[in-house]
Amino acid sequence: LSLLSRPLSALPPTERVVLLVYQDVSTLKAAETLKDQFISLATHELRTPVTIIAGYADRLLGRSARGGEYGLNEWQREKVQEMKQASWQLTSLTEDLLDVTRIQAGEFKLELRSVDLVALTERVVRRIQATTDRHQLAFHTTLSQLWATVDAIRIEQVFSNLLSNAIKYSPDGGPIEVILEEHAETHEARFRVRDQGMGIPHAQQVHLFERFVRGENVRASGIRGTGLGLYLCRELIERHGGQIAFESEEDVGSTFFFSLPCIRAVQ
Ligand code: ADP
């Protein structure tokens, strides 16, 4: 039940109406629950076969128990390498889906400890730079350390999502910057991740942090994705007591901002 009304006193007597809108949402809720249960079941069932495929692909590319190679020819090596790549994509999809189902079921927990955000950011930027030759990643900060109580793996996951999006949605290459500042009055670490890529159409901006929402432009250009990454980023940042937002202009670029409560900075 929703009651839409403006204060009656604000309306002239002839227009004093109250609009009541009733909508039965029980069928919708049941369908939503069924969908969540299906995602959870399918994800758990996918996990084992994907791990087996990834594991064997890895072994075929490595050395046998006797220390020799498996004798794959060049074509076979290339195909097994593609299999490995594809199985890692599936692993990351199942991990994202598992996180979503844990969040929906209220079973999601953070492992908090004291972490230097400067070192964490340097590490993650270096790791993601190694995945691309066409983009130049840069990390700017005047701080030498910035300590916060966070789940380091989850904050790395946020960076991975934002930086791999910046790469994926800048298909012509280009610079990607990560900027970190301390906001001393509010004891916050403030991050910006900026690209000069395709940008996000205005029509999708309002719902972008919801599950499965993707920009029309990226769908039209056939760039693959699930629309789960930003949903997870927002959940993770908000669970740390921070906030996430973005500014974007189509064909100009995007900047994602997020904040995290921090303890102390070292200049
Ligand atoms: P995915 O990338 O798997 O589609 P995300 O939840 O990470 O899912 O992102 C949702 C959508 O937001 C993307 O499909 C894309 O339309 C848009 N988006 C996110 N980051 C960027 C970016 N840096 N540049 C342009 N569009 C972006």
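Residues numbered from 1 in each chain as written. Predicted model: local features only at pLDDT ≥ 70, side-chain atom pairs only at ≥ 80, totals over all residues. Heavy atoms only, no water.

### A short note on the packing of helix α2 (residues 74-104) against helix α7 (residues 229-239)
For the pair α2 and α7, the least separation of the axes is 11 Å and the interaxial angle reads 50°. Accordingly, the angle class assigned to the pair α2 and α7 is oblique. Remark: the crossing between α2 and α7 carries left-handed chirality. Across the interface between the two elements, Asp96, Asp99, Val100, Ile103 and Gln104 from α2 touch Tyr231, Leu232, Glu235 and Arg239 from α7. Partitioning the contact of α2 with α7 into residue classes produces four nonpolar, one polar and four charged. (Axes fitted to C-alpha atoms, helices over the stretch in contact; angles between N-to-C directions. Helix = DSSP H or I, 4+ residues; strand = E, 2+ residues; numbered from the N terminus. Parallel < 35°, antiparallel > 145°, perpendicular 65-115°, else oblique. Left-handed = near helix turned anticlockwise from the far one by under 90°. Contact = heavy atoms within 4.5 Å. Nonpolar A, V, L, I, M, F, W, Y, C, P; charged D, E, K, R; others polar.)

### Digging into unusual backbone geometry
The backbone phi angle of Phe212 is positive, close to 70°, even though this residue is not glycine. Assignment of secondary structure puts Phe212 in the loop between α5 (202-205) and α6 (216-220).

### Some words on the site of the ligand
The immediate surroundings of the ligand are formed by 20 residues, with Tyr169, Arg214, Gly215, Thr226 and Leu230 found nearest. Tyr169 is positioned such that a nitrogen or oxygen atom in its side chain is 2.6 Å from an oxygen atom of the ligand. One of the backbone nitrogen or oxygen atoms of Leu230 is found 2.8 Å away from an oxygen atom of the ligand. Among the secondary structure elements, those contributing two or more residues to the shell around the ligand are α4 (152-168), α7 and β9 (253-261). With three residues, the single largest contributor to the shell around the ligand is α4. By residue class, the composition of the shell around the ligand is nine nonpolar, eight polar and three charged. (Near = heavy atom within 4 Å. Polar contact = N/O pair within 3.5 Å; in protein donor to acceptor, adjacent residues only side chain to side chain.)

### Some thoughts on the packing of α4 against α7
Taken N-terminus to C-terminus, the directions of α4 and α7 make an angle of 145°; their axes are 10 Å apart at the nearest point. In this structure, α4 crosses over α7, and the sense of that crossing is left-handed. Contacts between α4 and α7 pair Arg154, Ile155, Gln157, Val158, Asn161, Leu162 and Asn165 from the former with Gly229, Leu230, Leu232, Cys233, Leu236 and Ile237 from the latter. Considering only residue class, the contact of α4 with α7 consists of eight nonpolar, four polar and one charged.

### A look at a negative patch on the surface
Negative charge collects at one region of the surface, where Glu216, Glu249, Glu250 and Asp251 lie side by side. Mapped onto the fold, Glu216 is located in helix α6. Residue class for Glu216 comes out exposed when judged on its relative accessible area of 53%. (Patch = residues over 30% accessible without salt bridge, like charges linked within 9 Å, V, L, I, M, F, W, Y side chains within 5 Å. Areas by Shrake-Rupley, 256 points an atom, 1.4 Å probe, with all protein chains shown as cover. Salt bridge = Lys/Arg side-chain N within 4 Å of Asp/Glu carboxyl O. Lys, Arg positive; Asp, Glu negative; His and termini not counted. Charge placed at Lys NZ, Arg CZ, Asp CG, Glu CD. Buried < 20%, exposed > 50% of the residue type's maximum accessible area, 1.4 Å probe, protein only.)

### A look at the pairing of β9
Judged by how many residues are buried, β9 sits mostly within the fold: seven of nine residues are covered. Here strand β7 (residues 188-195) runs beside β9; their pairing, made up of eight bridges, is antiparallel. Among the inter-strand pairings, Asp195 is bridged to a residue of β9, identified as Ser254. In textbook terms, the turn of a hairpin is the stretch between consecutive antiparallel strands, and for strand β8 (residues 244-249) and β9 this stretch comprises three residues, one of which, Asp251, has a positive phi near 65°. (Pairing = 2+ DSSP bridges.)

### Points about the environment of Thr141
Along the chain, the position of Thr141 falls in the loop between β4 (135-140) and β5 (145-150). Spatially, the C-alpha atom of Thr141 lies 39 Å from that of Arg47, the residues being 94 residues apart in sequence. Every residue in contact with Thr141, bar those within four places of it in the chain, is listed here: Val118 and Leu180. Reaching out from Thr141, the side chain makes a polar contact with the backbone nitrogen of Leu143 at a distance of 3.2 Å. Engagement of the side chain of Thr141 in a polar contact is seen with the backbone oxygen of Leu180, the distance being 2.9 Å.

### A few points about the sheet that holds β5
Pairing is antiparallel across the open sheet formed by three strands, whose spatial order is β3-β5-β10. For this open sheet the edge positions go to β3 (113-116) and β10 (264-266), each flanked by a neighbour on one side alone. Direction aside, the axes of adjacent strands within the sheet are offset by 25° on average. When β5 meets β10, the two strands line up antiparallel, connected through three bridges. Note that in β10 the partner of Trp147 across the bridge is Arg264. Of the strands in this sheet, β3 and β5 are in contact with helix α3 (residues 117-129), which crosses β3 at around 65°.

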